[in-house]
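A look at the structure
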2 protein chains.
Amino acid sequence: MALISGGGSGHEPLHIGFVGTGMLDAACPGQVFTSPTPDQMLAAAQAVNTGGGVLFVVKNYAGDVMNFEIAAEMLDCPNASVLVNDDVSLPKDHVAGRRGVAGTLVVEKIVGAAAERGADLATCKALGDKVNRATASMGVALSSCTAPALGKPTFELADHEMEMGVGIHGERGQQTLPLASASEIVKQLAAAIDEELKPQKHQPVLLHVNGFGATPAMELYLVYQLALQHWQQRGVKITRSLVGNYTTSLDMAGCSITLTLLDEEMLTLWDAPVHTAALRWGC
Amino acid sequence: MALISGGGSGHEPLHIGFVGTGMLDAACPGQVFTSPTPDQMLAAAQAVNTGGGVLFVVKNYAGDVMNFEIAAEMLDCPNASVLVNDDVSLPKDHVAGRRGVAGTLVVEKIVGAAAERGADLATCKALGDKVNRATASMGVALSSCTAPALGKPTFELADHEMEMGVGIHGERGQQTLPLASASEIVKQLAAAIDEELKPQKHQPVLLHVNGFGATPAMELYLVYQLALQHWQQRGVKITRSLVGNYTTSLDMAGCSITLTLLDEEMLTLWDAPVHTAALRWGC
């Protein structure tokens, strides 16, 4: 079974940086913040399908969903899709559904490891859906981003404002708030995640702090430390961590927190070797 | 033999992100853009020296050099230092010597691999000096950075200006120029590196494109591609590559190019397994 993802560019290293052993077999990059075309997806599927069919990992955006659906209809091999919608800043019953954000990496890593071990299409599809259900993210921005074609920030933020519950395409977030301290920001992000996932005491979790592109590593470490403390105080077991710029939004300043409730299978697959440009460990 | 580095904070993941198997044994982070103290270096040496002595990797800045020298004098175990001064934007006979910048990672990775294999202090010191001599870097900034204590950018750049030959502490560079295209920028950076290293046809090299903290990955990939073309056209063999934010300058926008002339020993040690927070490959 071959694992394929894709979406608009501007989120690098997602997805192209995750192509390699133990993760994606192919990635389809569209123009900046623009869905790839069904042609790209067909070409990718033809290039990497070795008979077991293809599984698409699709972030929940209307254009991506539509084009991956068209590609799926045109494909003459078995195929399925995992829809990632981990952004809890939007209500569950949002008309377009929740967006797929930094949790996409977690889905791609874990399903990629299963595919590498020879799991079949149905197994990988079920696993991807499970990881997505176990994953919640929320982000905050301290600046907008500048899409090259537009040449100016897509929204304005004053120096002392922040955009809470922000997406990864320079869109406005849930609300514009006065800039708060890092600990106050983490408290808000973590509360939204907790409300969604309700992690129990002793629950093993993966904690992923993701930079949007223009945030210094030092600040990501600070957010990580505060998030770690938040969940440690609640007895939640931070079993694995990942901190860095993985699902970016061009030059946006800010970050997101992603939490995934791990079971034994997911933990083993997270630890499995991966060798890609942007994520590498194991043999 | 234990390998230790350190320097001001604000360059994360350098150096703390490089502590682990196959790279550094300890790192001493100072305050932002401020040398760590000799006490920190002594404590680090006492914590990780297992009898073979310690080797300090020191970026060439007056404060760092002084404090590592004081620590070396106070140490009661065998020790030596490798001074990294890869920034070719400054003349060779600059009064304070050339600065140590992104090439530091290359020194730490290669010497760390040798230390992991049991090489002794003298061998590691000689190897570190060799890697430093084979390495040249130059950077460009599209913005200054904001040190938290100052709270405003340390220098001003207009929208249509860039700072060529810039360091990693928010200091002014070699010259302020009108903003140029990526290909023109890469041409200038590569020319300075070529003048220093004079890579021959068929020479294997490591090409490292380093983001300063606020530059989107997409732009780093563009710079990498242009640099690759530059050296490929000259018959130089880009044998290994590394692209990403590794030696940062807080929230500065811009990047640097580092080239290292590789021999067999350096290539083998670069490929050796490394397991740190920020650099991981192999077993």
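Residues numbered from 1 in each chain as written. Chains lettered and ligands numbered in written order. Predicted model: local features only at pLDDT ≥ 70, side-chain atom pairs only at ≥ 80, totals over all residues. Heavy atoms only, no water.

The next subject is the overall build of chain A. Within chain A, the regular secondary structure consists of seven helices and 13 strands. For 283 residues, the compact-globule estimate of 2.2 N^0.38 gives 19 Å, and chain A sits close to it at 18 Å. Taken along its principal axes, the extent of the C-alpha atoms in chain A is 55 × 45 × 35 Å. Pairs at least 24 residues apart make up 72% of the contacts formed inside chain A by residues separated by at least 6 positions. In chain A, 18 positive and 29 negative side-chain charges are present, and the distance between their average locations comes to 8 Å. (Helix = DSSP H or I, 4+ residues; strand = E, 2+ residues; numbered from the N terminus. Rg over C-alpha atoms; globule rule 2.2 N^0.38 Å. Contact = heavy atoms within 4.5 Å. Lys, Arg positive; Asp, Glu negative; His and termini not counted. Charge placed at Lys NZ, Arg CZ, Asp CG, Glu CD.)

Estimates place the volume of the second largest pocket at around 1200 Å³. Surrounding the second largest pocket, 50 residues form its lining, Asn-245, Tyr-246 and Ala-278 of chain A together with Tyr-246 and Ala-278 of chain B being those nearest its centre. Counting only elements with at least two residues in the lining of the second largest pocket, the list comes to helix H6 (217-233), strand E10 (237-244) and strand E13 (280-281) of chain A together with helix H6 (217-233), strand E10 (237-244), strand E12 (274-276) and strand E13 (280-281) of chain B. Each residue belonging to the lining of the second largest pocket can be placed in one class, and the counts come to 30 nonpolar, 16 polar and four charged. (1 Å grid on protein atoms, 1.4 Å probe; cavity = no way out; pocket = protein on both sides within 12 Å on 5 of 7 lines; lining within 4 Å. Points joined across faces, edges and corners; volume = space filled by probe spheres on them. Nonpolar A, V, L, I, M, F, W, Y, C, P; charged D, E, K, R; others polar.)

This next bit is on helix H1 (residues 38-48) of chain A. Residue and element names in this part refer to chain A. Residues of H1 that are buried: Pro-38, Met-41, Leu-42, Ala-44, Ala-45 and Val-48. Buried residues in H1, looked at end-on, bunch into an arc of 165°, giving them a common side. Summarising the geometry of H1, the exposed residues directed more than 90 degrees from the buried face are Asp-39, Gln-46 and Ala-47. The inward-facing, buried residues of H1 contact strand E1 (2-9), strand E3 (26-32), strand E4 (54-59) and helix H2 (62-74). (Buried < 20%, exposed > 50% of the residue type's maximum accessible area, 1.4 Å probe, protein only. Arc of directions from axis to C-beta.)

Before going further, it helps to examine the domain arrangement of chain A. Residue and element names in this part refer to chain A. Here the domain parsing of chain A yields domain 1 (2-133 + 272-281) and domain 2 (135-267). Facing 32 residues of domain 1, the contacting portion of domain 2 comprises 35 residues. For the pair domain 1 and domain 2, the two sides together bury roughly 2500 Å², of which 61% comes from carbon and sulfur. It is Phe-33, Val-88 and Ala-102 that lose the most area in domain 1 upon contact with domain 2, and together they represent 21% of the buried surface on that side. Here Arg-98 and Glu-196 are joined by a salt bridge, their closest N and O atoms 3.0 Å apart. Where domain 1 touches domain 2, the interface holds 18 residue pairs in polar contact (both at pLDDT 80 or more). Contributions of two or more residues to the side of domain 1 that touches domain 2 are made by helix H3 (103-116) and helix H4 (121-133). Per-element accounting of the side of domain 1 that touches domain 2 gives the leading share, five residues, to H4. Of the residues that constitute the side of domain 1 that touches domain 2, the class distribution is 17 nonpolar, six polar and nine charged. (Domains from an automatic or database assignment. Buried area = accessible area lost by both parts, 1.4 Å probe. Salt bridge = Lys/Arg side-chain N within 4 Å of Asp/Glu carboxyl O. Polar contact = N/O pair within 3.5 Å; in protein donor to acceptor, adjacent residues only side chain to side chain.)

Turning our attention to the nonpolar core. Soluble globular proteins: nonpolar side chains tend toward being buried together. Formed by 68 residues in total, the largest nonpolar core has its most connected members in Leu-55, Leu-105, Trp-231 and Ile-257 of chain B. With eight residues, helix H3 (residues 103-116) of chain B is the largest single contributor of residues to this core. In this structure, this core is formed jointly by two domains, domain 1 (2-133 + 272-281) and domain 2 (135-267) of chain B, each of which donates at least three residues. Not counting residues within four places of it along the chain, the set of residues in contact with Leu-55 of chain B comprises Met-1, Ala-2, Leu-3, Ile-4, Ala-80, Ser-81, Val-82, Val-111, Leu-121, Cys-124 and Lys-125 of chain B. Ranked by size, the runner-up nonpolar core spans 67 residues in total, among them Val-82, Ile-110, Val-205 and Leu-228 of chain A. (Core = buried A, V, L, I, M, F, W, Y, C linked by side-chain atoms within 4.5 Å.)

What follows concerns the packing of helix H5 (residues 182-197) of chain B against H6 of chain B. Residue and element names in this part refer to chain B. Interhelical geometry of H5 versus H6 gives an angle of 50° and a closest axis separation of 9 Å. In terms of orientation, H5 lies oblique with respect to H6. The crossing of H5 and H6 is right-handed. Two secondary-structure elements touch here, H5 through Ala-182, Ser-183, Val-186, Ala-190, Ile-193 and Asp-194 and H6 through Leu-222, Val-223, Leu-226, Ala-227, His-230 and Trp-231. Classifying every residue of the contact of H5 with H6 gives nine nonpolar, two polar and one charged. (Axes fitted to C-alpha atoms, helices over the stretch in contact; angles between N-to-C directions. Parallel < 35°, antiparallel > 145°, perpendicular 65-115°, else oblique. Left-handed = near helix turned anticlockwise from the far one by under 90°.)

Residues and elements named next belong to chain A. The residue Gln-203 is located in the loop between helix H5 (182-197) and strand E9 (204-211) in this model. In contact with Gln-203, other than residues within four places in its own chain, are Val-236, Lys-237, Leu-261 and Leu-262. Here Leu-262 takes part through its backbone oxygen, which lies 3.2 Å from a polar atom of the side chain of Gln-203.

A few words on the sheet that holds strand E4 (residues 54-59) of chain B. All names here are of chain B. Sheet architecture is open: four strands sit in the order E3-E1-E4-E5, paired in parallel fashion. Of all strands in the sheet, those with a lone pairing partner are strand E3 (26-32) and strand E5 (79-84), marking the two edges. On average, adjacent strands in this sheet sit at an angle of 20° to one another, irrespective of strand direction. In the packing of helix H2 (residues 62-74) onto the sheet, the strands contacted are strand E1 (2-9), E4 and E5, and the crossing angle to E4 comes to about 165°. Sheet strands touched by H3: E1, E4 and E5. Its angle to E4, the strand with the most contacts, is close to 165°. (Pairing = 2+ DSSP bridges.)

What follows deals with the interface of chain A and chain B. Every contact between the two is made by 22 residues of chain A and, on the other side, 22 residues of chain B. When chain A packs against chain B, close to 1600 Å² is buried across both sides, 66% of that on carbon and sulfur atoms. Three residues stand out in chain A for area buried against chain B, namely Met-218, Tyr-221 and Arg-280 of chain A, and they jointly supply 32% of the buried area on that side. Put simply, chain A and chain B have zero salt bridges between them. Taken together, chain A and chain B are joined by zero residue pairs in polar contact (both at pLDDT 80 or more). Contributing elements (two or more residues each) for the side of chain A that touches chain B: H6 and E13 of chain A. Broken down by element, the side of chain A that touches chain B gets its largest block of residues, three residues, from H6 of chain A. Tallied by class, residues from the side of chain A that touches chain B come to 13 nonpolar, six polar and three charged.

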